[in-house]
Amino acid sequence: GQELRDIFVFAVIAGVLMVFAVLVLLYRRFLSPFVNLGSLVLAPLGGVLALVLCGLPISMPVYIGLLMLFGIVAKNSILLVDFAIEEMRLGADRTVAILEAAHKRAQPIVMTTVAMIAGMLPIALGLAGDSSWRAPMAVCVIGGLALSTLLTLVIVPAGFTLADDLEKWIGPKIGRLLVNNEPHELGARPQPAE
């Protein structure tokens, strides 16, 4: 009921904040982690669409499936963004780095998705155990993985490009603001620019 939904929402918010904190430390950038978190919106979208198409209710197993989806979708976007950032640190052009990330990381992302979908299919089709209870979870995971994998390979690179442009635009402005607000020593006059 309502208590279960409240606990689920709290768990998702706590998990997202922890992932954000870790990504800021990992990337040493502030806006790129928002690209990863933005991709999490894709996880429930595909899952809910699959449930609606199959006419299945949203129940407790669906919430468990959504938590699994959040983890896998976040991992997929982290693989892409981390690879692109590392390539850029090594001197690669941003566009080249993003294309290389999509090319090199597409295989592990698709392999993970295919393996998860194959593992969930027997449950979704009712071939294993009590399918009436677990089938909604499997259908939610399959739909969420299929849609999010397709969209992650398109939306995450585009979002990363926007975040990088924004960082390059905001960075110098914040730098100038911090430098101008530094207190000058008493009696010291700013030297004229040569």
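If you're wondering where the values come from, they're calculated on a predicted model, not measured in any experiment.

> Tell me about the packing of helix 1 (residues 2–27) against helix 2 (residues 32–39), and name the residues and values.
Packing of helix 1 against helix 2 brings their axes to within 9 Å, and their N-to-C directions diverge by 145 degrees. Relative to helix 2, helix 1 is oriented so that their crossing is right-handed. Only S32, P33, F34, N36 and L37 of helix 2 make contact with helix 1, whose side of the interface consists of V16, V19, F20, L23, V24 and Y27. Counted by class, the contact of helix 1 with helix 2 contains nine nonpolar, two polar and no charged residues.

> Describe the packing of aromatic side chains, listing the residues and the values that go with them.
The relation between two aromatic rings is expressed through the spacing of the ring centres and the mutual angle of the planes. Tallying each qualifying case throughout the model produces two aromatic pairs. Ring geometry for F8 against Y63: centres 4.8 Å apart, planes inclined by 35 degrees, an arrangement best described as tilted. With F8 in helix 1 and Y63 in helix 4 (residues 60–89), the pair connects residues that are 55 residues apart, well separated along the chain. A single burial state applies to F8 and to Y63, both of which are buried.

> Would you mind going over a nonpolar patch on the surface in detail, with residue names and values included?
Taken together, the side chains of V9, I13 and L17 present a nonpolar region at the surface, about 280 Å² in accessible area. The residue I13 is located in helix 1 in this model. I13 gets classed as partly exposed once you look at its relative accessible area, which sits at 46%.

> Go over the pattern of salt bridges with me, naming the residues and quoting the values.
Pairing is possible between side chains of opposite charge, provided their charged atoms come close. This structure, assessed with the given rule, holds five salt bridges. E86 is paired through a salt bridge with R89; the nearest N and O atoms lie 3.0 Å apart. Here the residue E86 and the residue R89 both occupy positions in helix 4, the gap between them amounting to three residues, near one helical turn. Its relative accessible area of 35% is what places E86 among the partly exposed residues. K104 is the partner of E100 in a salt bridge, and the nearest nitrogen-oxygen pair spans 2.7 Å. Taken as a pair, E100 and K104 lie in helix 5 (residues 94–124) at a separation of four residues, close to a single helical turn. In this structure, a network of salt bridges that share partners links the residues R94, D164, D165 and K168.

> Before we move on, can you summarise the side chain of D164 with the specific residues and values?
If you trace the backbone, D164 turns up in helix 6 (residues 131–180). D164 gets classed as buried once you look at its relative accessible area, which sits at 2%. Polar contacts involving the side chain of D164 include one to the side chain of R94, which spans 3.1 Å. In contact with D164, not counting residues within four places along its chain, are R29, M88 and R94.

> With reference to specific residues and values, describe helix 4.
Under the 1.5 Å per step criterion, the end-to-end length of helix 4 is 44 Å for 30 residues, consistent within 8% with the ideal 44 Å. Among the residues trailing helix 4, G91 stands out with phi positive, at a value near 105 degrees.

> Residue-level account of the packing of helix 1 against helix 4, with values.
As a packed pair, helix 1 and helix 4 sit with axes 12 Å apart at the nearest point and diverge in direction by 10 degrees. Comparing the axis directions of helix 1 and helix 4 gives the class roughly parallel. In contact with L4, R5, F8, V12, L23, L26 and Y27 of helix 1, helix 4 contributes M60, Y63, L66, L67, F70, I78, V81, D82, I85 and R89. Class assignment of the residues belonging to the contact of helix 1 with helix 4 gives a composition of 14 nonpolar, no polar and three charged.

Rules behind the numbers
Within each chain, residues carry numbers counting from 1 in the order of the written sequence. Given that this is a predicted model, residues contribute local features only at a pLDDT of at least 70 and side-chain atom pairs are listed and counted only at 80 or more, while totals for whole chains, interfaces and linings are drawn from all residues. Only heavy atoms go into the side-chain values, all of them from the structure, while hydrogens and water stay out. For every element, the axis is a line fit to its C-alpha atoms; helices are fit only across the contacting stretch, and the angle between N-to-C directions ranges from 0 to 180 degrees. Labels follow the DSSP assignment, with helices taken as runs of H or I lasting at least four residues and strands as runs of E lasting at least two, numbered in each case from the N terminus. Crossings are sorted by hand: turned counterclockwise from the far helix by less than a right angle, the near helix makes the crossing left-handed, and turned clockwise it makes it right-handed. Whether two residues are in contact is decided by their heavy atoms, any of which lying within 4.5 Å being enough. Residues are grouped as follows: Ala, Val, Leu, Ile, Met, Phe, Trp, Tyr, Cys and Pro are nonpolar; Asp, Glu, Lys and Arg are charged; every other residue, Gly included, is polar. The aromatic pairing rule takes the rings of Phe, Tyr and Trp, using the six-membered ring of Trp, and pairs them if the centres are within 6.5 Å, calling planes under 30 degrees apart stacked, those over 60 edge-to-face and the rest tilted. A 1.4 Å probe rolled over the protein chains alone gives each residue an accessible area, and that area as a share of the maximum for its type sets the label: buried under 20%, exposed over 50%, partly exposed in between. Each patch is assembled from residues with relative accessible area greater than 30% and no salt bridge, linking like charges that lie within 9 Å and nonpolar side chains (Val, Leu, Ile, Met, Phe, Trp, Tyr) that lie within 5 Å. For accessible areas, the Shrake-Rupley method is used with a probe of radius 1.4 Å. Any residue's cover is judged against the shown protein chains and nothing else. The salt bridge criterion pairs a side-chain nitrogen of Lys or Arg with a carboxyl oxygen of Asp or Glu, the two atoms within 4 Å. Definition of a polar contact: a pair of N or O atoms within 3.5 Å, with one able to donate and the other able to accept a hydrogen when the atoms are protein atoms, and with sequence-neighbouring residues admitted only if both atoms are side-chain atoms. What a helix should span is 1.5 Å times the count of its residues minus one. Roughly parallel covers angles under 35 degrees, roughly antiparallel covers those over 145, roughly perpendicular covers 65 to 115, and oblique covers all other angles.

Coordinates in, geometry out; function isn't part of it.
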